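Observations on chain architecture
Here are the chains, one letter per residue:
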Amino acid sequence: MSMTLRRLSRAATAGLVAAAALTAAAHSAEAADTLGSAAAGQGRYFGTAVAASHLGEADYTATLDREFSSVTPENEMKWDATEPSRGTFTFTSADRIVDHAQSQGMDVRGHTLVWHSQLPSWVGSLGASDLRTAMKDHINGLMGHYKGEIHSWDVVNEAFQDGGSGARRSSPFQDKLGDGFIEEAFRTARAADPAAKLCYNDYNTDGVNAKSNAVYNMVKDFKSRGVPIDCVGFQSHFNSNSPVPSDYRKNLQRFADLGVDVQITELDIEGSGSAQAADYTKVVEACLAVDRCTGMTVWGVTDKYSWRSSGTPLLFDGNYQEKPAYDAVLSALGGSGDPGDPGDPGDPGDGTASCTATYTRTADWNSGYNGQVTITAGDEPISTWTVTVTLPAQQSVSSLWNGTPTWNGNVMTVKPSWNGTLAAGASTAFGFTAAKNGSDAAPTVGTCTAS
Ligand code: 9MR
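What counts and how
- Per chain, residue numbering runs from 1 following the sequence as it is written.
- The model is predicted, so local features are restricted to residues of pLDDT at least 70 and side-chain atom pairs to those at 80 or more, both for listing and for counting; the totals for chains, interfaces and linings are taken over all residues.
- For side-chain calculations, the full set of non-hydrogen atoms in the structure is used, while hydrogens and water are omitted.
- Per-residue confidence from the prediction method is given by pLDDT, with values spanning 0 to 100.
- The contact criterion used throughout is that any non-hydrogen atoms of two residues lie within 4.5 Å.
- By definition, disulfides here are pairs of cysteine sulfur atoms that lie within 2.5 Å.
- When accessible area is computed with a 1.4 Å probe and restricted to protein chains, residues below 20% of their type maximum are described as buried, those above 50% as exposed, and intermediate ones as partly exposed.
- Secondary structure elements are defined from DSSP: runs of H or I of at least 4 residues count as helices, runs of E of at least 2 residues count as strands, and each element is numbered from the N terminus.

**Digging into the confidence of the model for the protein**
- When pLDDT is averaged along the protein, the result is 90; 90% of the residues meet or exceed 70.
- For the stretch residues 8-30, pLDDT sits under 50, and the model shows 74 contacts to residues farther than four places along the chain or on other chains.

**Structural notes on the state of the cysteines**
- Under the defined criterion, the tally for this structure stands at three disulfides.
- At a sulfur-sulfur separation of 2.0 Å, the disulfide partner of Cys287 is Cys293. With the S-S dihedral at roughly -100 degrees, the linkage between Cys287 and Cys293 falls on the left-handed side. Of the two residues examined, Cys287 and Cys293, each falls in the buried class.
- A disulfide bridge connects Cys355 with Cys448, and the sulfur atoms are separated by 2.1 Å. With the S-S bond torsion at -105 degrees, the cross-link from Cys355 to Cys448 turns out left-handed. With a gap of 93 residues between them, Cys355 in strand β10 (residues 355-365) and Cys448 in strand β17 (residues 444-450) connect regions that are remote in the sequence.

**Topic: unusual backbone geometry**
- Here the amide bond leading from His111 into Thr112 is cis, since omega sits at -5 degrees, within 30 degrees of zero.
- Secondary-structure assignment places Thr112 in strand β3 (residues 107-114).
- The backbone of Gln118 sits at a positive phi, close to 50 degrees, despite the residue not being glycine.
- For Gln118, a relative accessible area of 27% corresponds to the partly exposed category.

Set out below in structure tokens:
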């Protein structure tokens, strides 16, 4: 199904939400009582991996919908699931997750485009030139299908060897295309969906070590040569053999200092009780201490379905009860588990829809720039929003996406195109391209109103 058809058919059935880059800025004066709303109060998203096959389970879906503001399909967007034979794309399971997320006002992380694992055998049997084409076709196929709907994509996953060497991992891509395959993948991805944040994602890179140094050097090189990369994902699968590193924050910060966002993408920590809770607290505090740590995702809703189920690494137990680790995360996010706090989402008697809007320049060149306005719902869900943007008189807007503008002189009033519905604390964004015509000044974003 083409992108346009996907959007139209969704728009007909559900309130839709965009999934553009998250840079939230809402600071809630009230303590919030879910992970998503508490994280939003800190300007972050709080996500979980989701499996389409569990969405029919009432407790699973109720917990998901109540607590989380972002989802990552756990397996459904991987190569074996989406392009099992060359050129034949299947999106049924991934669409199910994306549709569900959007109906709840949650954002979506895309995972993952180029990875050595869960790779159908036909890919490994191609010669170099064919493989390059197939890799680009795969990126274009996935990103085209979900264009404008994914806030961040894991473009390349786990391309470095584990252990001490910092070398590249052997894979069909590495072995046949050489080191340049990562750069080629990112350049292809940027063209396929310019609104998505493009991430490199890996594990055992959470502290400063040979592997994270190798990723660091790659990102530094990409930034110096203008290769498009926006974020680095730190999977953060921890247990007693691989504990939360003491230099976790320092490591996140050094990546952020290269000019990329950092995200905690697959967090889980084996254990139980107060020890597990304390480890989760360390992770959340590290992210909150780094301005460019834009959000956290735990790798599953419940211990019952974790890939490390016997290690009980998640925030909800097998019966969907909140664990001490849940309370610790909520508290570290500045939230409160007390029902009835004024202003908490879901509590009765607080029906005021509200939103905030923040502006960032996302690209810049001599004659023009791209701007992005991120809209974040307050502590109630909203079904629509309106933001005014006043441009310097000389400037003119040539295109705008994920929003519907009307013009009055140099003031544009932007309403949603298909992304009006937002959960409490969730974000969406619209973007635009402007010609400077001699003025490099920033536009002014007015008050955000919502209902
Ligand atoms: O959680 C995923 C599990 O259901 C799959 O069987 C497995 C197959 O490789 O992948 C798991 O997710 C992995 C993720 O995609 C990449 N980082 C490591 C995750 C845990 O293995």
